[in-house]
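Single-letter residue listing:
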2 protein chains.
Amino acid sequence: MNEIIQFDLLMPKRIVFGWGMRAQIGILAATLGKRAFLIAGSRTLQRAPEWEEMMQALAESGIQVEAIATTAGREPTIEDVDEAAAIVRELHPCSDDFVLGIGGGAAIDLAKAVAAMAMNAEGASIRDFLEGLGTGRTLERAPLPVMAVPTTSGTGSEATKNAVISCHAPPCKKSLRSEKLIPAIALLDPDLTVSLPPAQTAYSGMDAITQLIESFLTKRAQPATDMLCQIGLTKAIPAIRAVYRNPEDRQGREGLAVAAFASGIALANSGLGMAHGVAAALGSVCDVPHGLACAVMLPIAMRTNLIPAREKLGILGKTALRPVATEEVPGSAAEAAISTIETLLRDLDIPRRLREIGVQQRQIPELVQGSRGNSMNGNPRDLSDDELRGILEANW
Amino acid sequence: MNEIIQFDLLMPKRIVFGWGMRAQIGILAATLGKRAFLIAGSRTLQRAPEWEEMMQALAESGIQVEAIATTAGREPTIEDVDEAAAIVRELHPCSDDFVLGIGGGAAIDLAKAVAAMAMNAEGASIRDFLEGLGTGRTLERAPLPVMAVPTTSGTGSEATKNAVISCHAPPCKKSLRSEKLIPAIALLDPDLTVSLPPAQTAYSGMDAITQLIESFLTKRAQPATDMLCQIGLTKAIPAIRAVYRNPEDRQGREGLAVAAFASGIALANSGLGMAHGVAAALGSVCDVPHGLACAVMLPIAMRTNLIPAREKLGILGKTALRPVATEEVPGSAAEAAISTIETLLRDLDIPRRLREIGVQQRQIPELVQGSRGNSMNGNPRDLSDDELRGILEANW
């Protein structure tokens, strides 16, 4: 008896993947409009030859580029979004316009948020629209279409329906979330990720791996995203080791790019879990880079979910997360999966304890409060505040 | 050495698949807008209990439904589109509106064409916009979003970027083609296809199978669509036999629905070939139902392409189109693939010669002229008019 097929998948309408595909940026952009509001990822990127190539391809396709904002390598803040959206509004966005985000997850999240706010906020702040923070305002008008060109392999933001925005008061990270936020086009050229240094490569790659594992284990998992998670993990685990050793390993860069994109589709459709819940708080309370926070929390979350998620952890332990022969571990396949991740973190020089990434013990209650939200709600094991505090204390 | 991954895939942003998923129609519709312009597939469908269920689900989600048109089971004509688009324009379409197409390929094509014309034609005819017929006008404004709910498994129109429109003078079928025509949501519930009688099931299923084979063989084939074609054919061949014998075979209905959808993504991204080129002419010149025309032309096209496409036909002959053990044929794997299709047509009671489907010999020159277009341009073997006439004569 075959399994009954059932799924509900949201994804970008157009997905373009491949080495050198950035050369297509002008032709692809022309399918969205004539004027691009550009959100760029960093000033370093803008000095790279690939940047010049892309700007030229846009010009050759007759696209007028308006530079709106450059992100600083951290999640965009409420102020970043409001300011950039105001600039776009002053340019009178029309149906021939679109937003072009080129950069890491922060740039693409900012692009998505600006595309939405330019058409919806009418002078109000994005704060009103943020999940669990604002006044519950929703996107009434369609955002400008977004073309996302990631230069890291990590967040999968080019495939997701949310943008993570940082807030200073109170310190927190919250999502602008709507199905309307999924980019119209995702253009993935692994070449654009090759210059990312080893540590950032490891952090962003671990974000993708955490997303793949959490989407696979979540209460909201579904067969179609399970398949994506397994394919993504099978590529990501050898790929992250390869590119950490050699940033120019092409097969590794390609594998991580596929895995990160798959993780975006998976999380957009099935959500995440406890590691991402706590990682958001680690970012806003303790200023830990997002990928590093995910990486440190991942084995803790897997152990916490060992009982309710034993079966699915066991599937991973026998497939994508099977320990290599020289590292056979005693215990069940589920425990083997956790052990594989622990070994991986050691090989990527990522510490295991919260105190090693700058968390102070007195911050733990604030971390517990900041961990609640959409990700935590999907976690296989329901956790009281006391339970979560105990887990964080034990791993401090 | 792993194969380098490269692709450029266009598809609906949201794909919902599964038995009973029609119950989600209201919730899905609400993500597109508040008012649905409804294009329906047939009056029979509108008397089915599933129809009532869907209308109720739409009402429960607060969707206002405006009935615009019902198709007559054939491709929509220029007049059908112009008339329906005029009705929509009189209702002052706005950003809260969308077009809902429920029916076979004709209804979904009409829905897509109306969504485009309501926003672009401003009183002009769709004729001006048709490929190879009109004045070359293009879609300047974004069409209304479309939600496609197929009730047959055949054309894959719910995933494609064109709408096939019939013209009386001259008699032809031409496409309105734009990437903007891809439906925003494809909702596939195999249950909606169960009531389709055996002959129509066979014809529409053979349309999907022809699309899968032609997209696999075309000059424009790419690895991502090749994979979709192989998956689709592996499901489609046993499924079409099963549902022809027993229209209520659930696994067969499900397999055909998956295959037809995959064929739509494949053709939207890689195009078709000679069988579809001639099938368009058979429809407009000789009034042959589209799926039947495809079915009769498929083995003829495979034989015509035997030399340039031998390798890929061979792949099919060893995999999805491998003859079953009792039917081992002499010759190469490529010939085995053709033989599998010929045997399948015999089992589906589909004739082999053009004269058996109502073609008169004197119509052949007109068929040759009517076969030119986008599909024929992708055919593996380039054919002169004389060569094509010779092939049609030989198979008359």
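Just so you know, these numbers come straight off a predicted model, no measurement behind them.

Moving on, we come to the interface of chain B and chain A. Residue-level contacts link 29 residues of chain B with 30 residues of chain A. Here chain B and chain A share an interface that buries about 2,800 Å² over both sides, 47% of which is from carbon and sulfur atoms. On inspection of chain B and its partner chain A, the count reaches six salt bridges. We note a salt bridge from Asp8 of chain A to Arg14 of chain B, for which the minimum N-O separation is 2.8 Å. On the surface where chain B and chain A come into contact, there are twelve residue pairs in polar contact (both at pLDDT 80 or more). Those elements giving two or more residues to the side of chain B that touches chain A turn out to be strand E1 (7-10), strand E2 (14-17) and helix H7 (250-270) of chain B. In the side of chain B that touches chain A, the residues fall into 14 nonpolar, five polar and ten charged. Pairing geometry for strand E1 (residues 7-10) of chain A and E2 of chain B, over four bridges, is antiparallel. The residue bridging Asp8 of chain A from the neighbouring strand is Val16 of chain B, located in E2 of chain B.

Residue and element names in this part refer to chain A. Neither face of strand E2 (residues 14-17) is open: one carries Arg14 and Val16, the other Ile15 and Phe17, and all of them are buried. Strand direction decides the pairing type here: E2 and strand E9 (residues 185-188), joined by four bridges, are parallel. Directly across from Val16, in E9, lies its bridge partner Leu187.

Attention shifts here to the relation of the copies chain B and chain A. Under the fitted operation, chain B is carried onto chain A by 0.0 Å of movement along the axis and a turn of 180°, and the coordinates agree to an RMSD of 0.0 Å. Those values place the two copies in the arrangement expected of a two-fold rotation axis. No C-alpha of chain B approaches the rotation axis more nearly than that of Lys13 of chain B, which lies at 2.3 Å.

Here we come to the packing of aromatic side chains. As enumerated under the stated definition, the model contains two aromatic pairs over all chains in all. A ring pair is formed by Phe7 of chain A and Phe17 of chain B, whose centres lie 5.7 Å apart and whose planes are at 20°; its orientation type is stacked. One end of the pair, Phe7 of chain A, is in strand E1; the other, Phe17 of chain B, is in strand E2, on a second chain. Residues Phe7 of chain A and Phe17 of chain B agree in their burial class; the two are buried. Taking the ring centre of Trp19 of chain B as reference, the NZ or CZ of Arg250 of chain B above it sits at 3.9 Å. Here the basic side chain of Lys312 of chain B rests over the ring of Phe216 of chain B, its NZ or CZ set 4.3 Å away from the ring centre.

On to the packing of helix H6 (residues 223-245) of chain B against H7 of chain B. Residue and element names in this part refer to chain B. For the pair H6 and H7, interaxial distance at closest approach is 7 Å and the crossing angle is 145°. Read as a crossing pair, H6 and H7 show a hand that is left-handed. Contacts from Thr225, Leu228, Cys229, Gly232, Lys235, Ala236, Ala239, Ile240, Ala242 and Val243 of H6 reach H7 at Gly252, Arg253, Gly255, Leu256, Val258, Ala259, Ala262, Ile265, Ala266, Asn269 and Ser270.

Residues and elements named next belong to chain A. Summed over the entire model, instances satisfying the criterion amount to 40 salt bridges over all chains. Between Lys219 and Asp382 there is a salt bridge, and its shortest N-O distance comes to 2.7 Å. With a gap of 163 residues between them, Lys219 in the loop between helix H5 (198-217) and helix H6 (223-245) and Asp382 in the loop between helix H13 (374-377) and helix H14 (385-394) connect regions that are remote in the sequence. Relative accessible area serves as the criterion here: at 47%, Lys219 is assigned to the partly exposed category. A relative accessible area of 56% means that Asp382 is categorised as exposed. With a shortest N-O distance of 3.4 Å, Arg346 and Asp347 are connected by a salt bridge.

The next thing to look at is the side chain of Glu158 of chain B. With respect to the helices and strands, Glu158 of chain B occurs in the loop between strand E6 (146-150) and strand E7 (162-167). Buried and unpaired, Glu158 of chain B has Lys112 of chain B as its nearest opposite-charge partner, separated by 7.6 Å.

We now examine the nonpolar core. Judged by nonpolar contacts, the single largest core of 154 residues is most densely connected at Ile209 and Leu282 of chain A together with Ile209 and Leu282 of chain B. Ignoring anything within four residues of it in the chain, the contact list for Leu282 of chain B reads Asp287, Val288, Ala293, Met297, Leu354, Ile357, Val359 and Leu367 of chain B. Ranked by size, the runner-up nonpolar core spans 32 residues in total, among them Ile78, Val146, Cys167 and Leu181 of chain A.

Bringing the side chain of Asn162 of chain B into the picture now. Residue and element names in this part refer to chain B. When you line up the elements, Asn162 lands in strand E7. Of the polar contacts made by the side chain of Asn162, one reaches the side chain of Thr160; its length is 3.3 Å. Here Ser175 takes part through its side chain, which lies 2.9 Å from a polar atom of the side chain of Asn162. If we ignore the near neighbours within four places in the chain, the residues touching Asn162 are Asp109, Lys112, Ser175, Leu176, Arg177, Leu181 and Leu267.

What follows concerns the sheet that holds E2 of chain B. With respect to topology, seven strands assemble into an open sheet ordered E1(A)-E2(B)-E9(B)-E6(B)-E5(B)-E3(B)-E4(B), the strand pairing being mixed. Each having just a single partner strand, E1 of chain A together with strand E4 (64-70) of chain B make up the two edges of the open sheet. Put simply, the sheet's adjacent strands are angled 15° from each other on average, direction ignored. In this sheet, strand E9 (residues 185-188) of chain B lies alongside E6 of chain B in parallel orientation, the contact comprising two bridges. Residue pairing for E9 of chain B: Met147 of chain B is matched across the bridge by Ile185 of chain B.

Right, let's talk about the packing of helix H5 (residues 198-217) of chain B against helix H9 (residues 290-304) of chain B for a bit. All names here are of chain B. At a minimum axis distance of 7 Å, the contact between H5 and H9 shows a crossing angle of 40°. The element H5 and its partner H9 pack so that their crossing is left-handed. Touching Tyr203, Met206, Asp207, Ile209, Thr210, Ile213 and Glu214 of H5 are His290, Gly291, Leu292, Cys294, Ala295, Leu298, Ala301 and Met302, all from H9. In terms of residue class, the contact of H5 with H9 is made up of ten nonpolar, three polar and two charged.

If you trace the seven strands from one edge of the open sheet to the other, you get E4(A)-E3(A)-E5(A)-E6(A)-E9(A)-E2(A)-E1(B), paired in mixed fashion. Two strands in the sheet have a free side with no partner beyond their single neighbour: strand E4 (64-70) of chain A together with E1 of chain B. Strand-to-strand twist across the sheet, computed as the mean angle between neighbouring axes with direction ignored, equals 15°. The sheet strands contacting helix H2 (residues 49-60) of chain A are strand E3 (35-40), E4, strand E5 (97-103) and strand E6 (146-150) of chain A, and the helix crosses E5 of chain A at an angle near 165°.

Okay, H6 of chain A next. Under the 1.5 Å per step criterion, the end-to-end length of H6 of chain A is 34 Å for 23 residues, consistent within 8% with the ideal 33 Å. Of all the bends found along H6 of chain A, the most pronounced is centred on Ala236 of chain A and spans about 30°, while Pro238 of chain A, a proline, follows it within four residues.

A rise of 1.5 Å per residue sets the reference length of helix H8 (residues 274-286) of chain B, with its 13 residues, at 18 Å; its end C-alpha atoms lie 17 Å apart and thus fit the reference within 8%. Summarising burial for H8 of chain B: 13 of the 13 residues are buried, a large majority.

This paragraph deals with the environment of Cys172 of chain B. Residue and element names in this part refer to chain B. Inspection of the secondary structure assignment puts Cys172 in strand E8 (residues 172-177). Expressed as a C-alpha distance, the spacing of Cys172 and Cys229, which sit 57 residues apart in the sequence, is 28 Å. The residues touching Cys172, leaving out its near neighbours within four places in the chain, are Leu133, Ile165, Ser166, Cys167 and Ser284.

Thresholds, definitions, all that
Residues numbered from 1 in each chain as written. Chains lettered and ligands numbered in written order. Predicted model: local features only at pLDDT ≥ 70, side-chain atom pairs only at ≥ 80, totals over all residues. Heavy atoms only, no water. Contact = heavy atoms within 4.5 Å. Buried area = accessible area lost by both parts, 1.4 Å probe. Salt bridge = Lys/Arg side-chain N within 4 Å of Asp/Glu carboxyl O. Polar contact = N/O pair within 3.5 Å; in protein donor to acceptor, adjacent residues only side chain to side chain. Helix = DSSP H or I, 4+ residues; strand = E, 2+ residues; numbered from the N terminus. Nonpolar A, V, L, I, M, F, W, Y, C, P; charged D, E, K, R; others polar. Pairing = 2+ DSSP bridges. Buried < 20%, exposed > 50% of the residue type's maximum accessible area, 1.4 Å probe, protein only. Least-squares fit on C-alpha atoms with pLDDT ≥ 70 in both. Phe/Tyr/Trp six-rings, centres within 6.5 Å; stacked < 30°, edge-to-face > 60°. Lys NZ or Arg CZ within 6 Å of the ring centre and 35° of its normal. Axes fitted to C-alpha atoms, helices over the stretch in contact; angles between N-to-C directions. Left-handed = near helix turned anticlockwise from the far one by under 90°. Lys, Arg positive; Asp, Glu negative; His and termini not counted. Core = buried A, V, L, I, M, F, W, Y, C linked by side-chain atoms within 4.5 Å. Expected span 1.5 Å × (residues − 1). Bend = angle between axes of the 7 residues up to and from the residue.

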